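Structural features, examined
Chain by chain, the residues run as shown.
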Amino acid sequence: MDSKTEKNLETLDLTKLCGLVSALKEPYDDLAELIENRAYAGCEHGDFVKVVGVLKDLASVFEVLENKSEENSRNLADVYILIGEICQYCDSFIESIAWFKKAAIVDDHYALPFHHAAVSYSKIGDSANAIKYFEQEIALMPGNYYSYLLLANLYEKREEFDNVEDALKRLLQRDPENIQALHLLVMLYHRIYPEADCILLQKRLTTVNKKLSEMELIIWVFHQCALGNVQSALDYLVAKEADSPELAIANLLKAHLFTLDKNYARRRRELAFFKSKNQGKTEIIRNKLAEFNSVFGDRATKTLEKLLVLS
């Protein structure tokens, strides 16, 4: 597709874009991203029913094709998935499940509809079906690591601890340095076997050699503290901040470490840096505090939150 054609397509609305595909003037794959963007934009303007109607019409074009090629089947599945995602986006979770199931029937080797169906079942509180669909997704695409964590969380809520352990161990077999899985496994053992010694697991977690995401950094510092390595954690955060000065979570974590060391002046300065780097935006600060709280718990979080003086 040349740049002029691409520019012209940018001016078309959802109906016209889908019309080009329906008339076989443009392949769906070439317009899929534009169609998705227009669909979500329409929903944001309150046109959910119209958007779904246009996408249903597009799906019908692929439905009536005889002797569908593999590409035709995948395109039909993708349109069904997009309709399901739009329903999901607009909180119509039960309706979304029906579309994801249609996609799975069209292409039963496609992991994506199983994942989305599992998420929708989770949203309506149907954990049994959510688990069923996550397991099906993982069977088709065992490299979707995040789904193991979602699955473990569902088993945890049902207090099926053997299944939690199994899901986490399956993930760690594929990704031995998965910090979130190691953390959840340690916390599981602390919960069901209070006398268990998890030091080896914690040392394995804290010696992972890879670039850490913000959540992984929070978990890493938590377990360094549990092992009594407060100064090592502080040294690492200082170096991390030097490499990434914009990393506000490092200041929040340092503030917690200075609480443990009773260095309240340094704690105050780190919290000031944390607030400044987040431009004092309460919503962003609260989101980062929620991430911190998910690992360190209420007591540590409330101490820092109180000092931040949020409106």
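See the structure above.
The paragraphs below set out a description of the structure included in this document. Given the structure is predicted, the values throughout are model-derived calculations rather than measurements. (Residues numbered from 1 in each chain as written. Predicted model: local features only at pLDDT ≥ 70, side-chain atom pairs only at ≥ 80, totals over all residues. Heavy atoms only, no water.)

What about the side chain of Lys254?
- Following the sequence through the fold, Lys254 ends up in helix 15 (residues 248-260).
- Overall, the relative accessible area of 5% leaves Lys254 in the buried class.
- At 2.5 Å, the side chain of Lys254 and the side chain of Glu241 are in polar contact.
- Residues within four places of Lys254 in sequence aside, it is in contact with Leu234, Leu237, Val238, Glu241 and Glu270. (Helix = DSSP H or I, 4+ residues; strand = E, 2+ residues; numbered from the N terminus. Buried < 20%, exposed > 50% of the residue type's maximum accessible area, 1.4 Å probe, protein only. Polar contact = N/O pair within 3.5 Å; in protein donor to acceptor, adjacent residues only side chain to side chain. Contact = heavy atoms within 4.5 Å.)

Thoughts on helix 18 (residues 298-308)
- For helix 18, the complete set of buried residues consists of Ala300, Thr301, Leu304 and Leu308. Buried residues along helix 18 cover an arc of 95° about the axis, so they all sit on one side. Seen from the buried face of helix 18, the exposed residues on the opposite side, beyond 90 degrees, are Arg299, Lys302 and Lys306.
- Each element contacted by the buried residues of helix 18 is listed here: helix 15, helix 16 (264-277) and helix 17 (282-296).
- Taken from the residues just after helix 18, Val309 is the one with a positive phi, measuring 50°. (Arc of directions from axis to C-beta.)

Some thoughts on the pattern of salt bridges
- Under the counting rule described, the total for this entry stands at 13 salt bridges.
- We note a salt bridge from Lys169 to Glu165, for which the minimum N-O separation is 3.1 Å. Pair noted here: Lys169 and Glu165 are both in helix 10 (residues 161-174), with a separation of four residues, about one helical turn.
- Each of Glu241, Lys254, Glu270 and Lys277 takes part in a single network of salt bridges with overlapping partners. (Salt bridge = Lys/Arg side-chain N within 4 Å of Asp/Glu carboxyl O.)

A closer look at the environment of Asn163
- Tracing the backbone through its elements, the reader meets Asn163 in helix 10.
- For Asn163, a relative accessible area of 30% corresponds to the partly exposed category.
- Asn163 sits 93 residues away from Glu70 along the chain, and the two C-alpha atoms are 36 Å apart.
- One polar contact links Asn163 to Glu160, side chain to side chain, over a distance of 2.9 Å.

Things to note about the packing of helix 8 (residues 127-140) against helix 9 (residues 145-157)
- Where helix 8 meets helix 9, the closest approach of the two axes is 10 Å, and the angle between their N-to-C directions is 155°. The pairing of helix 8 with helix 9 is recorded here as roughly antiparallel in orientation. Here the hand of the crossing between helix 8 and helix 9 comes out left-handed. Contacts between helix 8 and helix 9 involve Ser127, Ala130, Ile131, Phe134, Glu135, Glu137 and Ile138 from the first element and Ser147, Tyr148, Leu150, Leu151, Leu154 and Tyr155 from the second.
- Across the contact of helix 8 with helix 9, the residue classes tally to nine nonpolar, two polar and two charged. (Axes fitted to C-alpha atoms, helices over the stretch in contact; angles between N-to-C directions. Parallel < 35°, antiparallel > 145°, perpendicular 65-115°, else oblique. Left-handed = near helix turned anticlockwise from the far one by under 90°. Nonpolar A, V, L, I, M, F, W, Y, C, P; charged D, E, K, R; others polar.)

With respect to the packing of aromatic side chains
- Taken as a whole, this structure holds nine aromatic pairs when the rule is applied.
- A ring pair is formed by Tyr28 and Phe62, whose centres lie 6.2 Å apart and whose planes are at 80°; its orientation type is edge-to-face. Residue Tyr28 is located in helix 3 (residues 28-44), and its partner Phe62 is located in helix 4 (residues 48-63); the two are separated by 34 residues in the primary sequence.
- With relative accessibility at 7%, the residue Phe62 sits in the buried group. (Phe/Tyr/Trp six-rings, centres within 6.5 Å; stacked < 30°, edge-to-face > 60°.)

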